[in-house]
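Geometric and topological summary
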Amino acid sequence: MGRPRGAADVLPTSFADSVISHGVETMGPVTRRPTRKAEMMSRIRERGWVRSLAAVDRPDVRVVCFPHSGGSATAFSEWPAALPPGVSLVAVQYPGRGDRFGEPPMDDVTAMAGRAAAELLRLPPSEHVLFGHSLGALVAYETALVLRDAGEEPRRLCVSAALPPGTEGGDSIHLAPDDEFWATLCGLGGIEPGIAESAELRELLLPTLRSDLRAHATYRPRPGTPPLSCPVHCYHGVGDPLVDEARLAQWARVTSGEFTLSVRPGGHFHVATGVGELVADVVRRGPA
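Worth saying up front: this structure is predicted, and the values here are computed from it rather than measured.

Enumeration according to the criterion identifies 5 aromatic pairs in this entry. Centre to centre, the rings of Phe76 and Phe131 are 6.4 Å apart; their planes meet at 85 degrees, and the pair counts as edge-to-face. In this pair, Phe76 is assigned in the loop between strand E4 (61-66) and strand E5 (87-92) and Phe131 in strand E6 (residues 128-133), connecting sequence segments 55 residues apart. Note on Phe76: relative accessible area 4%, which makes it buried. According to the relative accessible area criterion, Phe131 is buried, its value standing at 0%. When the centroid spacing of 6.3 Å and the interplanar angle of 80 degrees are considered together, the rings of Tyr141 and Trp251 count as edge-to-face. Residue Tyr141 is found in helix H4 (residues 135-149), and its partner Trp251 is found in the loop between strand E8 (232-237) and strand E9 (259-264); the two are separated by 110 residues along the sequence. Under the relative-accessibility criterion, Tyr141 is labelled buried at 6%. Given a relative accessible area of 0%, Trp251 falls into the buried group. A cation sits over an aromatic face here: Arg100 above Trp49, 4.6 Å from the ring centre.

Pasting the structure below:
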């Protein structure tokens, strides 16, 4: 209670690791200035939106993962080991993190989805199962709409730790001054102490974290959008302080197909609990 929705949508361990590996040298508690590599990253051309985590020549289905606010494609690095044969795995890499650290972040869910969908449509033909966590659930939903409009509606949409489109609102943490914004995130336990105490890392992380939370807070579905026809499955973590379980049934409105809900232990970041079981369920729910 009392936590601003969206603020704890930040588990920047993988994000911070990617920042460190792409331009900040650390040695214990000492943080040095960004290296020349970070400066070079700011001048490189834009990289693609989709990263292959488990390649299959002719996959039966392609699972596409969309990370949370502050998250990168590496958030799903444990998934390949749990995949059955014939299933490929790709993850979306938002700008401003990982190998895209030098690019400006994007704070528009619909625009993010359009860019991701465009790359998915260029991949070798395969049915898609989309899985999005928190902010990623909204990006995955919008991506499903783009794929549908292109004649390639996904086989299934899986959404996790997110309220249904149109039920978000009122979040304003992204508007707070830097000190208040950072203190709020640190107070929620989403920032490791070593990172929280580093002024230089804070400077590097804040723009992307703020952008992601702004994207989540300001997203609104387009009026009059026809519903999907694919099944939609929702995952909820017990005790998630940011998501009211009673409202999750409203995800059924985004499809004329089947809607189902699973409740798992682990709170907002239940995806870190029982990874193999979660992956098996996502894949098992893939076939119609």
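What follows is about the pairing of E4. In terms of burial, E4 is a largely internal element, 6 of the 6 residues being buried. Side chains Val61, Val63 and Cys65 of E4 all project onto a buried face; the interleaved residues Arg62, Val64 and Phe66 project onto the opposite face, where all are buried too. Strand direction decides the pairing type here: E4 and E5, joined by 5 bridges, are parallel. Residue pairing across strands places Val63 opposite Leu89, the latter belonging to E5.

Rules and cut-offs
- Residues numbered from 1 in each chain as written.
- Predicted model: local features only at pLDDT ≥ 70, side-chain atom pairs only at ≥ 80, totals over all residues.
- Heavy atoms only, no water.
- Phe/Tyr/Trp six-rings, centres within 6.5 Å; stacked < 30°, edge-to-face > 60°.
- Helix = DSSP H or I, 4+ residues; strand = E, 2+ residues; numbered from the N terminus.
- Buried < 20%, exposed > 50% of the residue type's maximum accessible area, 1.4 Å probe, protein only.
- Lys NZ or Arg CZ within 6 Å of the ring centre and 35° of its normal.
- Pairing = 2+ DSSP bridges.

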